[in-house]
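# A structural walkthrough
Residue-level listing of the chains:
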Amino acid sequence: RREQRRMTRAARNSWIDFTEAPPALVGIVEGEPGRFRVSRALEVQAAAARQRLWIATAYFIPALGLMESLQGAARDGVDVRVLVPGRNDHPWVNRYTRSYYPSLLRNGVRIWEWQGEMMHAKSSVMDGMVTRIGSTDFNPLGVAINYELDAIVGDQDFGAVAETMFLDDLDRSSEVKAPRVT
């Protein structure tokens, strides 16, 4: 009897062209322990990106799937940029984060370290159209253990503002360069 009362809706709008659906489409991604929803959302952004994928996160300790997604997008010619704090409230986080740099840089991902007092951003913007803003950091706690909540906004105007803010933050950051091999 309960099954008969449960409402179901056929899947629709599985792909929406954000350029033709004004003013904005907003989706909410709930991060629940063990569900990896936000991590998968960023992996989808990396796979769908055609031109740019810019990420700002305070704690960047990515899982293997996310690393592969970012590196694959960069190898496909997508401008993948990651902005992380130059200093962190937990010094071990910076050491751990920097251990990912060689592989990311080798595969074409560009990395910046914020030089300001504090950076606690948690966002990404894809092709100036799809922006993710929320509470999720890209580390095991954020994507697998904590309860988190992120909004994904599909809107060109909103995406343009997010990209401008990201570029402004890069102006106050130092780009990490791969060491030269001689």
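Rules and cut-offs
- Residues numbered from 1 in each chain as written.
- Predicted model: local features only at pLDDT ≥ 70, side-chain atom pairs only at ≥ 80, totals over all residues.
- Heavy atoms only, no water.
- 1 Å grid on protein atoms, 1.4 Å probe; cavity = no way out; pocket = protein on both sides within 12 Å on 5 of 7 lines; lining within 4 Å.
- Points joined across faces, edges and corners; volume = space filled by probe spheres on them.
- Helix = DSSP H or I, 4+ residues; strand = E, 2+ residues; numbered from the N terminus.
- Nonpolar A, V, L, I, M, F, W, Y, C, P; charged D, E, K, R; others polar.
- Core = buried A, V, L, I, M, F, W, Y, C linked by side-chain atoms within 4.5 Å.
- Buried < 20%, exposed > 50% of the residue type's maximum accessible area, 1.4 Å probe, protein only.
- Contact = heavy atoms within 4.5 Å.
- Expected span 1.5 Å × (residues − 1).
- Pairing = 2+ DSSP bridges.
- Axes fitted to C-alpha atoms, helices over the stretch in contact; angles between N-to-C directions.
- Phe/Tyr/Trp six-rings, centres within 6.5 Å; stacked < 30°, edge-to-face > 60°.

### As for the layout of surface pockets
- A volume near 210 Å³ is recorded for the second largest pocket.
- Forming the boundary of the second largest pocket are 15 residues, of which Ser-123, Ile-133, Ala-162, Met-165 and Phe-166 lie nearest the centre.
- Contributing elements (two or more residues each) for the lining of the second largest pocket: strand 2 (52-57), strand 5 (122-126), strand 6 (130-134) and helix 7 (156-171).
- Across the lining of the second largest pocket, the residue classes tally to ten nonpolar, three polar and two charged.

### A closer look at the nonpolar core
- Leu-53, Phe-60, Leu-70, Val-80, Leu-104, Val-109 and Ile-111 are the most contacted members of the largest nonpolar core, which totals 28 residues.
- A total of five residues in this core trace back to one element, the largest contributor, which is helix 3 (residues 64-75).
- Excluding residues within four positions of it along the chain, Leu-53 makes contact with Leu-42, Gln-45, Ala-46, Leu-70, Val-78, Asp-79, Val-80, Arg-81, Val-125 and Met-126.
- Of all hydrophobic cores here, the second largest spans ten residues; its members include Met-119, Ala-162, Phe-166 and Leu-170.

### Concerning helix 3
- Given a rise of 1.5 Å per residue, twelve residues ought to cover 16 Å, and the 16 Å separating the end C-alpha atoms of helix 3 matches this to within 8%.
- Among all positions of helix 3, only Leu-66, Met-67, Ser-69, Leu-70, Gln-71, Gly-72, Ala-73 and Ala-74 are buried.
- Contacts made by the buried residues of helix 3 are with helix 2 (37-48), strand 2, strand 3 (79-85) and helix 5 (101-106).
- Gly-77 sits one or two positions beyond helix 3 and adopts a positive phi of about 95°.

### Some thoughts on unusual backbone geometry
- If you check the backbone angles, Asp-127 has positive phi at about 50° while not being a glycine.
- Position of Asp-127 among the secondary structure elements: in the loop between strand 5 and strand 6.
- Take Asp-127: its relative accessible area is 11%, and that puts it in the buried class.

### A few points about the sheet that holds strand 6
- Strands sit in the order 1-7-6-5-2-3-4-8 across an open sheet of eight strands; the sheet is mixed. Edge positions in the open sheet fall to strand 1 (25-31) and strand 8 (173-176), since each of these has one partner strand only. With direction set aside, neighbouring strand axes in the sheet form an average angle of 15°.

### Some thoughts on the packing of aromatic side chains
- Taken as a whole, this structure holds two aromatic pairs when the rule is applied.
- Consider the rings of Trp-54 and Phe-166, whose centres lie 5.3 Å apart with planes at 20°: the pair is stacked. Here the residue Trp-54 occupies a position in strand 2, and Phe-166 occupies one in helix 7, the gap between them amounting to 112 residues.
- Judged by its relative accessible area of 5%, Trp-54 is buried.
- Between Tyr-96 and Tyr-100 the ring centres are 6.0 Å apart and the planes differ by 10°, which places this aromatic pair in the stacked class.
- Exposure remark for Tyr-96: the relative accessible area of 42% places this residue in the partly exposed category.

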